[in-house]
Amino acid sequence: MHVIETAGLTRRFGDVTALDDLTIAVPPGITGLVGANGAGKSTLIRILLGLLPATSGSARVLGYDVASEGPTLRQFVGYMPEHDCLPGDVSATEFIAHMARVNGLPGDAARERTAETLRHVGLFEERYRDIRGYSTGMKQRVKLAQALVHDPRLLFLDEPTNGLDPAGRDDMLDLVRRTGHEFGISIVMASHLLGEIERVCDQVVVIDGGRLLRQGAIADFTAATGTLIVEVEGDPAALADALRAAGLRVEGDGRQLLLPFDGDHVLDRVRDACADLGLGLVRLERRRQALEDLFRPAPEALHAGS
Ligand SMILES: Nc1ncnc2c1ncn2[C@@H]1O[C@H](COP(=O)(O)OP(=O)(O)OP(=O)(O)O)[C@@H](O)[C@H]1O
């Protein structure tokens, strides 16, 4: 069963067509919703939550019709909005427990789920401090916690790494992946950064100007190329020499050696040479096409900020 299905979904704001005849079917798992700023990602998420009516077309989320069954479907769905939406003068515990109660959990269950959720997002130690004093990364994690506290089956994350530095970005992406896998819930993560989507998601929906550009499994877009990447512990120069002596074409790229891959015999040669030289093999795999390559030179805007 698909977690999301839309048919001819269209939304206009005056003269602006934010979504244009969008038909998608999203299976369970972690899905990236990719598009440049203004592509229509937030509009789509708000329609799928039943918070914004479509101009025309229809959508089902977890089997519920978004137009007529919004309140029911929102019991099973969590939402992390893009912009700051947190009160400053309460602690994370107070805020998340409040959100748990708003979502219908009784007192004891609300307290238990609050502690569990704050532990999961890595805020347990800091849970009694006012949110006002939190870093951007901690605030993002509070936003994730409020989306998770009622144990949803599907989670919408709108640009969850917004405003984070590279380390904070990595932490958030790890957390998103762990959340999907450990809790076994489906996630739709909107981002304008293809690199992020590639790291975290199983599948991708790409929209541009409110229209569907591409949809499918990440693995289908990132097919293996004809280049083999080899990394060993220590200096790879001796290995490169040995492989060249065995008649292979080898290019160096810092710590990596790159070889044309034209069959499994190349793998055997590399393993044998490493064994002969007593070198530990750290990496031996075919380079995959990057998701970003698919969109080069196509929509420039998709790369903005990446
Ligand atoms: N309430 C609104 N009134 C008028 N225009 C709107 C409204 N909401 C969205 N739009 C327009 O619809 C288009 C899609 O916006 P949307 O916010 O969905 O894009 P997005 O892909 O989420 O981009 P961002 O990452 O910048 O939020 C934009 O042109 C935007 O200006």
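Position labels on residues start from 1 in each chain and follow its written sequence. A pLDDT threshold of at least 70 governs which residues receive local features in this predicted model, and a stricter bar of 80 or more applies before side-chain atom pairs are shown or counted, although totals over entire chains, interfaces and linings include all residues.

Engineer: So what exactly am I meant to see when it comes to the UniProt feature "domain: ABC transporter" (unreviewed entry) in the protein here?
Structural biologist: Sites flagged by UniProt as "domain: ABC transporter" (unreviewed entry) map to residues 4-234. Between the C-alpha atoms that bound residues 4-234 the distance is 48 Å, and the span itself is 35% helix and 30% strand. UniProt positions are given in the numbering used here, feature names are shortened, and annotations may be inferred rather than shown by experiment. Secondary structure elements follow DSSP: runs of H or I no shorter than four residues count as helices, runs of E no shorter than two count as strands, and numbering proceeds from the N terminus.

Engineer: What is the right way to read the pairing of strand 12 (residues 224-232) from this model?
Structural biologist: Looking along a regular strand, one sees the side chains alternate between the two faces of the sheet. Strand pairing is defined by DSSP finding a minimum of two bridges between the two strands. The sheet contact formed by strand 12 and strand 15 (residues 281-288) spans six bridges and is antiparallel. Across the sheet, the residue bridging to Leu 228 is Arg 286, located in strand 15. Bridge analysis of strand 12 against strand 14 (residues 256-260) gives five bridges, and the strand direction is antiparallel. Looking across to strand 14, one finds that Leu 228 is bridged to Leu 259.

Engineer: Looking at this model, I keep getting lost on unusual backbone geometry. Mind explaining?
Structural biologist: When glycine is set aside, most residues are seen to have a negative phi, and most peptide bonds are trans. In this model, Leu 62 sits at a positive phi of 50°, which is unusual for a non-glycine residue. Relative to the assigned elements, Leu 62 resides in the loop between strand 5 (56-61) and strand 6 (64-65). Residue burial here comes from a neighbour count, namely the number of other C-beta atoms, placed from the backbone, that lie within 10 Å of the residue's own C-beta, with 20 or more meaning buried, 12 or fewer meaning exposed, and in between meaning partly exposed. Overall, the presence of 18 C-beta atoms within 10 Å leaves Leu 62 in the partly exposed class. The backbone phi angle of Asp 151 is positive, close to 60°, even though this residue is not glycine. For Asp 151, a count of 17 C-beta atoms within 10 Å gives the class partly exposed.

Engineer: Honestly, the packing of helix 5 (residues 136-148) against helix 6 (residues 166-183) in this entry has me stumped. Any pointers?
Structural biologist: Any two packed helices are characterised by the angle at which their axes cross and by the distance between the axes. A fitted line through C-alpha atoms serves as each axis, taken over the contacting stretch for helices, and the angle formed by two N-to-C directions is quoted from 0 to 180°. Orientation of helix 5 relative to helix 6, taken along the N-to-C sense of each, is 15°, at an axis distance of 10 Å. As the angle between them shows, helix 5 and helix 6 are arranged roughly parallel. The two elements helix 5 and helix 6 cross, and the hand of that crossing is right-handed. Note on element contacts: helix 6 touches helix 5 through Gly 168, Asp 171, Met 172, Leu 175 and Thr 179, opposite Thr 136, Gly 137, Gln 140, Leu 144 and Leu 148. Under the convention adopted here, Pro, Cys and the residues Ala, Val, Leu, Ile, Met, Phe, Trp and Tyr are nonpolar, Asp, Glu, Lys and Arg are charged, and Gly plus all remaining residues are polar. Taken together, the residues of the contact of helix 5 with helix 6 break down into four nonpolar, five polar and one charged. Our angle categories are set so that under 35 degrees counts as roughly parallel, over 145 as roughly antiparallel, 65 to 115 as roughly perpendicular, and the remainder as oblique. Left-handed describes a crossing whose near helix is turned anticlockwise from the far helix by less than a right angle; the clockwise case is right-handed. Whether two residues are in contact depends on their C-beta atoms, placed from the backbone: they are in contact if these lie within 7 Å.

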